[in-house]
Amino acid sequence: MDTADTNPASMQTLAGTLAAPDTLRVLTCGSVDDGKSTLIGRLLYDSKLLLQDQIADLERDSRRHGTTGGDIDFALLVDGLEAEREQGITIDVAWRFFATPRRRFIIADTPGHEQYTRNMATGASTAELAILLVDAEKGLSRQTRRHALICSLMGIKQVVLAVNKMDLVGYDESVFEKIAEDFAAFAKRTRIESVTPIPLSAREGDNVTGPSSRLPWWQGPALLPFLEEAPSAPGLVETPLRFPVQWVCRPDHTFRGYAGTISSGRIAVGDEVVVAASGKKSRVTAIDIGENSLEEAVAGQSIMLRLADEVDIARGDVLVPADNRPEVTDQIAAHLVWMAEEPLLPGRPYWLKAANRMVSAQVSELKHHLSVDTLEETAGKVLELNEIGFANLSLAHPIAFDPYGENRETGGFILIDRFTHSTVAAGMVDFSLRRAANIHWQSLDVDRNARARLKNQKPTVLWFTGLSGAGKSTVANWVEKKLYAAGRHTITLDGDNVRHGLNRDLGFTDADRVENIRRVAETARLMTDAGLIVLVSFISPFRSERQMARQLMMEGEFVEVFVDTPLDIAEKRDPKGLYAKARAGQLKNFTGIDSPYQVPENAEITVDTTSATPEELADEIIAYLRQNGRLS
Amino acid sequence: MSANLSHLDRLEAESLHIFREVAAECRNPVMLYSIGKDSSVMLHLARKAFHPAPPPFPLLHVDTTWKFRDMYAFRNRMAAEAGMELIVHVNQEGVAAGLNPFDHGANYTRVMKTEGLKQALDRHHFDAAFGGARRDEEKSRAKERIFSFRSKSHGWDPRNQRPEIWRLYNTLIHEGESMRVFPLSNWTELDIWTYIERENIPLVPLYFAAERPVVKRDDQWIMVDDERMRLMPGEVPQQRLIRFRTLGCYPLTGAVESTATTLAEVVMETMGATQSERGGRAIDREASASMERKKREGYF
């Protein structure tokens, strides 16, 4: 190492890193090709924050992949993935750290492509200030507005509107003014509180780290000096205490500690705390970080807490002050940013993860979509990739929430697909629907066990699933005849029949199919309460909804029967002439043709209609019920 | 205490949170331990996260058999002190094939490190592996999530990473899939050094300047650590005052001439550096995207 020859650039980094009093978390966003990566590259280069070998790499890469002729292509500093270089776009967030003598920065450089909006939201979720780039030649785009809206929903109050590529419009003041006015009008209708427009050219370096003579009309700040002075977002130290327990430490019987990160507020030895859900009280006896003991800890610190009493506390419980508790609810209203190719289907169960808790949840009602262009609320049955909506969610268990506007830490959640395990949405709680507290179960003297005893049978749901024409109803019909003959009390819910009454308002879109199954599953459950053996004969093409139906029933009560008939045979049978219509294009969303069927993975019974008669199959099913104690 | 946590306090708190999240949600985690300064910081943080309990996972060293002798001694001492199980895995197929850093370059690294790591993870059915990688090290690392999903074949798909929003990490995986978890993602090289100084974290002595036998090769000082070192015609080992900024396999790791024998001197020197940290690693300079390719193949 050339230690003798100290580099003034990195000495500046050093001075900055050691002396800078605080850190500003910044996000760069905006549409594709607006120059975000170039701006960050320029910022690092002009601030002399790059090392010699990094500059040499950049020069070499610029010759090979650059889009700027012989000049340095600053975008290549951050677009480090091969696919990004090949296509000249940003796919994923790059995190950059740098410091000036005044301040330390963490910059999330996020992609502009609509396809990668989820990565933009990832960057926005932790930022305090957004640099929203606009191409001066093109003006505000749909994507500019989408990003501004996501920033606003994610709680970013400060935006720098960086009007880039001023060199390409001849540094024309009126072009800049027009864009700044357009954006101010849009931002006024969001929750963004402050907008600072700055004209610049990332490629030429105008107004990036200092004022430019090519923009003599500009009296405002250049970008970097502005960022050095911008106020940080207020922390959550002055917000009421929220301590979600992350991990319980029990190395031996003498020690019981609760580890976690303080989401908001402060906590001191001697403080009284309560468990949000149960209301149980105790007092803090010790706060430790490793071997160090503290008298007090504040939001952001990861601590180990000990309490005076042996209270039952587990991961996901939230410790709070007795006089300032969060809502504990299983019904919330929230904004959702949808991030998956597969649309959000109301009624479908997802995992909801929030502050160390994971519960099953479904959207009970999609209230509206938020139009990115006009901010208007429009109706819709599903939420597609990158769409923003407002919905009511229903959770399998109550958990503690604060409104996101009051507390980012306890008001945010993600939704996870139960089968693919992808993160499909970011959610921000607006308020809890107090229904949870106001609807109480009516206590009934005659209960399900009493009714079942009277009928001398075990309530059971036989759930027949399979393609149209597979033979579900035929087999179910045989099973019911035999049960009836044996003196059992039964009922059959058939797809076609139910659609004539209870579900007559539903069509065959994915969203309607989910709701169709939800209603039938709830009906089947009520009938098991009545003590009946319920035969449900529905195509029920999606695993998620069959899983949802299963979870509504008691353990062992749900028996999935997969009527396994290959598509070509079902199509040959075509008892209702539906396949012919679907093939002719007269019937849309037909399962097996232009809508998927997800084969069961763990059905209790699989029957093959090609090798046995329906009556023989019915005998197989009844034998299964006897062997498993469902029939005496 | 002040409401303004220091920069290092914040980084530390974030890392502790990540460790605990894995311990709470993953079935069978492991910590990759490569004995370097980042590993040392990671081990220190892991112990802090669970204190007074020991970290609830073992250490895994994927051993190429060509590490510096000082590193092996240090590794064994630290594992014992932490009260953690130490699993050492050597890719025996690579050893049997006679792979070595002199003749086989990138192929040697792929087989002994990447393939060795995959073998070890598969053999013990680990579903989460902590790694000490930092986003400031390299451009493709700057794009890495803290919880990085890997397919059944350990592949990384940079186009399809899980969104990582707030502090909510999605740890759900199917049988055979795994997560690589990087608790030091947001630390820089300088943060690592200043934290080592603040917490007085023990390090392998090779990080400090001493007279050591070296030869000059491809413009780098290579240390002659044992009798397996192959000298080129005309190469004569000489004693030089050197130290290392990064530690890997000794024949592939360049030393720097230095007089820094204390932590404070090392920190001062790091701050004055004109080259980035990995400039000394021959293996990283092969092509711009070589790290990304290695990560796609399963390198951590």
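Residues numbered from 1 in each chain as written. Chains lettered and ligands numbered in written order. Predicted model: local features only at pLDDT ≥ 70, side-chain atom pairs only at ≥ 80, totals over all residues. Heavy atoms only, no water.

Applicable threshold: UniProt positions are given in the numbering used here, feature names are shortened, and annotations may be inferred rather than shown by experiment.
Chain B has the name Sulfate adenylyltransferase subunit 2 in an unreviewed UniProt entry, where Rhodopseudomonas julia is given as its organism. Looking at chain B in UniProt, the text filed under Sequence similarities (unreviewed entry) is "Belongs to the PAPS reductase family. CysD subfamily." Under the Pathway (unreviewed entry) heading, UniProt states for chain B: "Sulfur metabolism; hydrogen sulfide biosynthesis; sulfite from sulfate: step 1/3."

Identification of chain A as Multifunctional fusion protein from Rhodopseudomonas julia is taken from an unreviewed UniProt entry.

### Some thoughts on the sheet that holds strand β28 (residues 605-607) of chain A
Residues and elements named next belong to chain A. Definition in use: At least two bridges found by DSSP between two strands is the condition for calling them paired. Secondary structure is summarised from DSSP: a helix means a run of H or I of at least four residues, a strand means a run of E of at least two, and numbering begins at the N terminus for each. Angles run from 0 to 180 degrees between N-to-C directions of axes, and those axes are lines fitted to C-alpha atoms, restricted for helices to the stretch in contact. Whether two residues are in contact is decided by their heavy atoms, any of which lying within 4.5 Å being enough.
Strand order across the open sheet formed by five strands is β25-β26-β24-β27-β28, with parallel pairing between neighbours. Edge positions in the open sheet fall to β25 (490-494) and β28, since each of these has one partner strand only. This sheet shows a mean twist of 20 degrees between the axes of neighbouring strands, independent of strand direction. Two strands pair when backbone bridges link them, and strand β27 (residues 558-563) and β28 are joined in this way by three bridges, in the parallel orientation. Bridge pairing in β28 places Phe562 opposite Thr606. Docked against the sheet, helix α14 (residues 510-529) engages β24 (460-465), β25 and β26 (533-537), running at close to 155 degrees with respect to β24.

### Overview of the UniProt feature "active site" (unreviewed entry) in chain A
Residue and element names in this part refer to chain A. Put simply, the test is: Here a polar contact is recorded for every N or O atom pair within 3.5 Å, except that within protein the pair must consist of a potential hydrogen donor and a potential acceptor, and residues adjacent in sequence are included only if both atoms are side-chain atoms.
The sites that carry the UniProt feature "active site" (unreviewed entry) are, in the present numbering, Ser540. Here Ser540 lies in the loop between β26 and α15 (543-552). With near-sequence residues (within four places) excluded, Ser540 lies in contact with Trp463, Phe464, Thr465, Ile517, Arg546 and Tyr597. Polar side-chain contacts of Ser540 include one of 3.4 Å to the side chain of Thr465.

### A look at the UniProt feature "domain: Phosphoadenosine phosphosulphate reductase" (unreviewed entry) in chain B
In the UniProt entry, the feature "domain: Phosphoadenosine phosphosulphate reductase" (unreviewed entry) is given for residues 28-254 of chain B. Structurally, residues 28-254 of chain B is divided into 28% helix and 19% strand, and its ends, taken at the C-alpha atoms, are 36 Å apart.

### Some thoughts on the side chain of Arg162 of chain B
We apply this condition: Think of it in three bands: with a 1.4 Å probe and only protein chains considered, a residue is buried below 20% of the maximum accessible area for its type, exposed above 50%, and partly exposed in between. Positive charge is attributed to Lys and Arg, negative charge to Asp and Glu, and no charge count is given to His or to the chain ends. Definition used for salt bridges: Asp or Glu carboxyl oxygen within 4 Å of a side-chain nitrogen of Lys or Arg.
Mapped onto the fold, Arg162 of chain B is located in the loop between β5 (147-150) and β6 (178-181). The side chain of Arg162 of chain B sits in the buried core without any salt bridge; Glu177 of chain B is the nearest counter-charge, 5.4 Å away. Not counting chain neighbours up to four residues away, the residues in contact with Arg162 of chain B comprise His421 and Thr423 of chain A together with Arg145, Phe149, Asn170, Thr171, Leu172 and Met179 of chain B.

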